[in-house]
Amino acid sequence: MTVRPLTLARFDDMRAVFGEKGVARQCFCMYWRRPDGGYPERRDNCDRFHDLVDDARPPGLIGYLDETPVGWVQIGPRSDFPRLGRSRILKAVDDTDPWCINCFVVRVGHRRRGVGAGLLAAAVEYARFMGAKVVEGYPVDGPGSAGDYFTGTMGMFTAAGFEEVLRRKDTRPIVRLTV
């Protein structure tokens, strides 16, 4: 798998990964970015996310197999994601300013093939390249539906060297990796 930063020129590749319908297409990775719990205007989340794409600091990475876009991972400084600060379960652990990995989308037909793990490894390297000292994740640890795993699984994060730092809910640990 080849992984590239999301740029405006690659935005249609992100749309292809998210598909034409479903939860990922509706959310379009805006869940964690919502100010004050919502938006006053009724714009499509895809349009909102497009406005955020900055080629100087891309908001995430797209994975490709043979030039076909197959996966997405969102990563950035915790300050990019105000909803994390409002969460009882995922609020800040301490005054560390980590980079956060909080969303994975793998295109239908490419799931359960290691795409998520490859995106996680690439996201850690990207954060290191961008100057991050600590990378934080919010995987699911336990049973759930397919829609619950958009933040990744505990096994995927521990296999990449992340360690649990806090658990405020049985199935939702906060994990970190020093880079």
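Scroll up to find the structure.
Structural notes, computed from the coordinates.

Reading guide: rules and limits
- Residues numbered from 1 in each chain as written.
- Predicted model: local features only at pLDDT ≥ 70, side-chain atom pairs only at ≥ 80, totals over all residues.
- Heavy atoms only, no water.
- Salt bridge = Lys/Arg side-chain N within 4 Å of Asp/Glu carboxyl O.
- Helix = DSSP H or I, 4+ residues; strand = E, 2+ residues; numbered from the N terminus.
- Expected span 1.5 Å × (residues − 1).
- Contact = heavy atoms within 4.5 Å.
- Core = buried A, V, L, I, M, F, W, Y, C linked by side-chain atoms within 4.5 Å.
- Buried < 20%, exposed > 50% of the residue type's maximum accessible area, 1.4 Å probe, protein only.

Time to look at the pattern of salt bridges. Taken as a whole and judged by the stated rule, the model has nine salt bridges. Measuring nitrogen to oxygen at the nearest pair gives 3.1 Å for the salt bridge that ties Glu67 to Arg4. Note that Glu67 is positioned in the loop between β2 (60-65) and β3 (68-77) and Arg4 in strand β1 (residues 2-5), a separation of 63 residues in sequence.

Here helix α5 (residues 115-129) is 15 residues long and its end C-alpha atoms lie 21 Å apart, about the 21 Å a rise of 1.5 Å per residue gives. Within two residues after α5, Gly131 carries a phi angle of roughly 100°, on the positive side.

Along the chain, Pro69 falls in strand β3. Beyond its immediate chain neighbours, meaning those up to four positions away, Pro69 contacts Asp13, Ala16, Val17, Ile62, Gly63, Tyr64 and Arg107.

Now for the nonpolar core. One finds Val73, Ile75, Ile101, Phe104, Leu120, Phe157 and Phe162 to be the most contacted residues of the largest nonpolar core, which totals 24 residues. At the level of secondary structure, the elements contributing two or more residues to this core comprise β3, β4 (99-106), α5, α6 (154-159) and β7 (173-178). Sorting elements by how many residues they give to this core places α5 first, with eight residues. Residue contacts for Phe157: discarding those within four places in its chain leaves Ile101, Phe104, Leu120, Gly137, Pro139, Thr151, Gly152, Phe162 and Val175. Among the nonpolar cores identified, the runner-up in size contains 16 residues, and Phe18, Met30, Val53 and Tyr64 belong to it.

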